[in-house]
Amino acid sequence: MRSSKSRSRGNKNRNRPSGANIVNRVFDSSGPEGKVRGTPQQIIDKYNQLHRDAQLAGDRVLVEAYAQHAEHYTRMLAEALREQEAKREEADRQNRERQAERDRERAGRQQAHESQHQSNVEEAKEQPVADEGDSGLVETPEAQPKPRKPRKPRTRTSPTPKPSDDAQGDTPEAAE
């Protein structure tokens, strides 16, 4: 079983690279009757098919060899899927923790805002109400409302017919 991505013969370290997606990675598997190439699921399917063919042919040695190869890739795929699921669960747990922290911060800000609003309301109740007539402000011309001119009523006019003998059609004459 040699990965197609590392074809160098001098590489003695056969450990699988951590973080690589084994589920989608393409492998070259040297089986009893030749090479099988593909993703782990494709290799499992191929070895299971070869296993059935060897059973029909009556070759018990090849039956066992293909069954062992299929089992090897089945275990490898199951381990990779477990690792992916564990990583996914860890990421979900971290996301939930971050969201809970954000929710706590948001609730704290909301409480601070509400307490500030409440203190402003109480402060406004304690201050004496000034007389409406003497607000201490100077009247400016911009503050006074502008007088509106009365509108003239629209008169209805009947639609005028368009001249039909116009040589240019619907194009306006002002566009020339």
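Anything mentioned here points back to the structure above.
Note that the structure is predicted; figures quoted are calculated from it, not measured.

How each quantity is defined
- Residues numbered from 1 in each chain as written.
- Predicted model: local features only at pLDDT ≥ 70, side-chain atom pairs only at ≥ 80, totals over all residues.
- Heavy atoms only, no water.
- Buried < 20%, exposed > 50% of the residue type's maximum accessible area, 1.4 Å probe, protein only.
- Helix = DSSP H or I, 4+ residues; strand = E, 2+ residues; numbered from the N terminus.
- Pairing = 2+ DSSP bridges.
- Salt bridge = Lys/Arg side-chain N within 4 Å of Asp/Glu carboxyl O.
- Phe/Tyr/Trp six-rings, centres within 6.5 Å; stacked < 30°, edge-to-face > 60°.
- Core = buried A, V, L, I, M, F, W, Y, C linked by side-chain atoms within 4.5 Å.
- Contact = heavy atoms within 4.5 Å.
- Expected span 1.5 Å × (residues − 1).
- Arc of directions from axis to C-beta.

Teacher, can you tell me more about the pairing of strand β2 (residues 27-31) here?
On a regular strand, each side chain points to the face opposite its neighbour's, so the side chains alternate between the two faces of the sheet. Here β2 lies mainly inside the structure; four of its five residues are buried. Taken together, the five bridges between β2 and strand β3 (residues 34-38) define a ladder with antiparallel strand orientation. Its bridge partner being in β3, Asp 28 is matched across the sheet by Arg 37. Linking β2 back to β3 in an antiparallel pair, the connection comprises two residues.

Before we go on, may I ask you to explain the pattern of salt bridges in this structure?
Note on pairing: side chains with opposite charge can pair once their charged atoms come close. This structure, assessed with the given rule, holds seven salt bridges. Residues Glu 85 and Arg 88 are paired through a salt bridge, measuring 2.6 Å at the closest nitrogen-oxygen approach. Here Glu 85 and its partner Arg 88 are both found in helix α2 (residues 60-126), three residues apart, which amounts to about one turn of the helix. Note that Glu 90 and Arg 93 form a salt bridge whose closest N and O atoms lie 2.4 Å from each other. Taken together, the positions of Glu 90 and Arg 93, both in helix α2 and three residues apart, correspond to about one turn of that helix. Note on Glu 90: relative accessible area 34%, which makes it partly exposed.

Looking at this model, I keep getting lost on the packing of aromatic side chains. Mind explaining?
For any two aromatic rings, the description comes down to two numbers: the centre-to-centre distance and the angle of the planes. Applying the stated criterion across every chain yields a total of three aromatic pairs. Counting every residue linked through ring pairs, the aromatic cluster contains Phe 27, Tyr 47, Tyr 66 and Tyr 73.

I keep staring at the nonpolar core and nothing clicks. Help me out?
Membership of the largest hydrophobic core comes to 15 residues, with the highest contact counts inside it found for Ile 43, Tyr 47 and Tyr 73. Listing elements by their share of this core, those giving two or more residues are α1 (40-57) and α2. With eight residues, α2 is the largest single contributor of residues to this core. Dropping the residues within four chain positions of it, Ile 43 is found in contact with Phe 27, Ser 29, Val 36, Arg 37, Gly 38 and Tyr 73.

I'm lost on α1 in this one. Help?
Owing to its 3.6 residues per turn, the α-helix aligns residues three or four sequence positions apart on the same side. For α1, spanning 18 residues, the distance from its first C-alpha to its last is 25 Å, which sits close to the expected 26 Å at 1.5 Å a residue. Residues Pro 40, Ile 43, Ile 44, Tyr 47, His 51 and Ala 54 constitute the buried set of α1. The arc that holds every buried residue of α1, seen down its axis, measures 100°, which confines them to one face. Across α1 from its buried face, at more than 90 degrees, point the exposed residues Leu 56 and Ala 57. On its buried face, α1 is in contact with β2, β3 and α2. Once α1 finishes, Gly 58 follows within two positions and takes phi at roughly 85°, a positive value.

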